[in-house]
Amino acid sequence: FKSSSGLAVNLFVPSQVTWNQDGREISVEQATAFPEADTTTLTVRTGKPAEFELKFRVPAWTRGATVEVNGARVSVEAVAGTWAVIRRTWASGDRVRIRLPMALALAPVDPQHPNRVAVTYGPVVLVRPEPSFLTLSGPDLSRSIVRRGEVLEFEVAAQRHGSLVPFYRVAANTPYNMYFDRKS
């Protein structure tokens, strides 16, 4: 979205936008593998340096978001559930790298069923074919649910079958469980 003060980025998808900011044509291109990766890079293109705000949404599920401009870390207030703002004079080729750390979490179905949960990793809901329960060893999920390599795939340490994978990877007509009864 654009406004008189600049550009607001609310989605983390490969994209490009061009607009007129105070009489100057500006383009911003976003390159990312989100949510497979926790970073996105915005590249500014402008004929002449231009001052404007670049805002980005800081999702409620992230903690410790960081920002780099041209490889140097910058101090930006990036509170989960708000918008972070970088106001500066931008030159063509400036690159903003945003990191939105993701963590495992359990999302209860509702207050009446606190032990029936979905497993999330950042914004991603994880599913698996079987079983329909989770055996967890304490409150620290990183000890109970372990990531397998670089791809978004996890295994429950006490249940060595049925990997947890992103819901968006499940093929049509493939059975899966999205909600699990939590056991300790």
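Model, not experiment: these values are computed from the prediction.

(A) View of the pattern of salt bridges. For the structure shown, the criterion picks out ten salt bridges. Two residues, arginine 87 and glutamate 51, come together in a salt bridge whose shortest N-O distance is 3.3 Å. Of the two residues, arginine 87 is situated in strand 9 (residues 82–90) and glutamate 51 in strand 6 (residues 50–58); the sequence distance between them amounts to 36 residues. A salt bridge links arginine 143 to aspartate 140, with the nearest nitrogen and oxygen atoms 3.5 Å apart. Judged by relative accessible area, which is 36%, aspartate 140 ranks as partly exposed. Sharing partners across several salt bridges, the network here consists of Glu51, Glu53, Lys55 and Arg87.

(B) Spatial organisation of the side chain of threonine 40. You can see threonine 40 is positioned in strand 5 (residues 39–46). Judged by relative accessible area, which is 2%, threonine 40 ranks as buried. Polar contacts involving the side chain of threonine 40 include one to the side chain of glutamine 30, which spans 2.8 Å. Not counting residues up to four positions away in its chain, the partners in contact with threonine 40 are Phe12, Gln30, Ala31, Thr32, Val96, Arg97 and Ile98.

(C) Quick peek at the pairing of strand 13 (residues 124–127). Two strands pair when backbone bridges link them, and strand 12 (residues 116–121) and strand 13 are joined in this way by three bridges, in the antiparallel orientation. Paired with valine 119 across the bridge in strand 13 is leucine 126. Between the end of strand 12 and the start of strand 13, which pair antiparallel, lie two residues, with glycine 122 showing a positive phi angle near 60°. As paired elements, strand 13 and strand 17 (residues 159–166) share two bridges and run antiparallel to each other. Each bridged residue has a counterpart across the sheet, and for valine 127 the counterpart in strand 17 is valine 165.

(D) Main features of the sheet that holds strand 7 (residues 66–69). Spatial strand order, 3-4-5-10-7-8: six strands in an open sheet with antiparallel pairing. The sheet is open, and its two borders are formed by strand 3 (15–21) and strand 8 (72–74), each paired with just one other strand. Adjacent strand axes in the sheet meet at a mean angle of 25° when their direction is disregarded. As judged from the three bridges shared by strand 7 and strand 8, these two strands associate in the antiparallel manner. By the bridge assignment for strand 8, glutamate 68 is matched with arginine 73.

About the thresholds
- Residues numbered from 1 in each chain as written.
- Predicted model: local features only at pLDDT ≥ 70, side-chain atom pairs only at ≥ 80, totals over all residues.
- Heavy atoms only, no water.
- Salt bridge = Lys/Arg side-chain N within 4 Å of Asp/Glu carboxyl O.
- Helix = DSSP H or I, 4+ residues; strand = E, 2+ residues; numbered from the N terminus.
- Buried < 20%, exposed > 50% of the residue type's maximum accessible area, 1.4 Å probe, protein only.
- Polar contact = N/O pair within 3.5 Å; in protein donor to acceptor, adjacent residues only side chain to side chain.
- Contact = heavy atoms within 4.5 Å.
- Pairing = 2+ DSSP bridges.
- Axes fitted to C-alpha atoms, helices over the stretch in contact; angles between N-to-C directions.

Any functional reading would require information beyond the geometric quantities listed.
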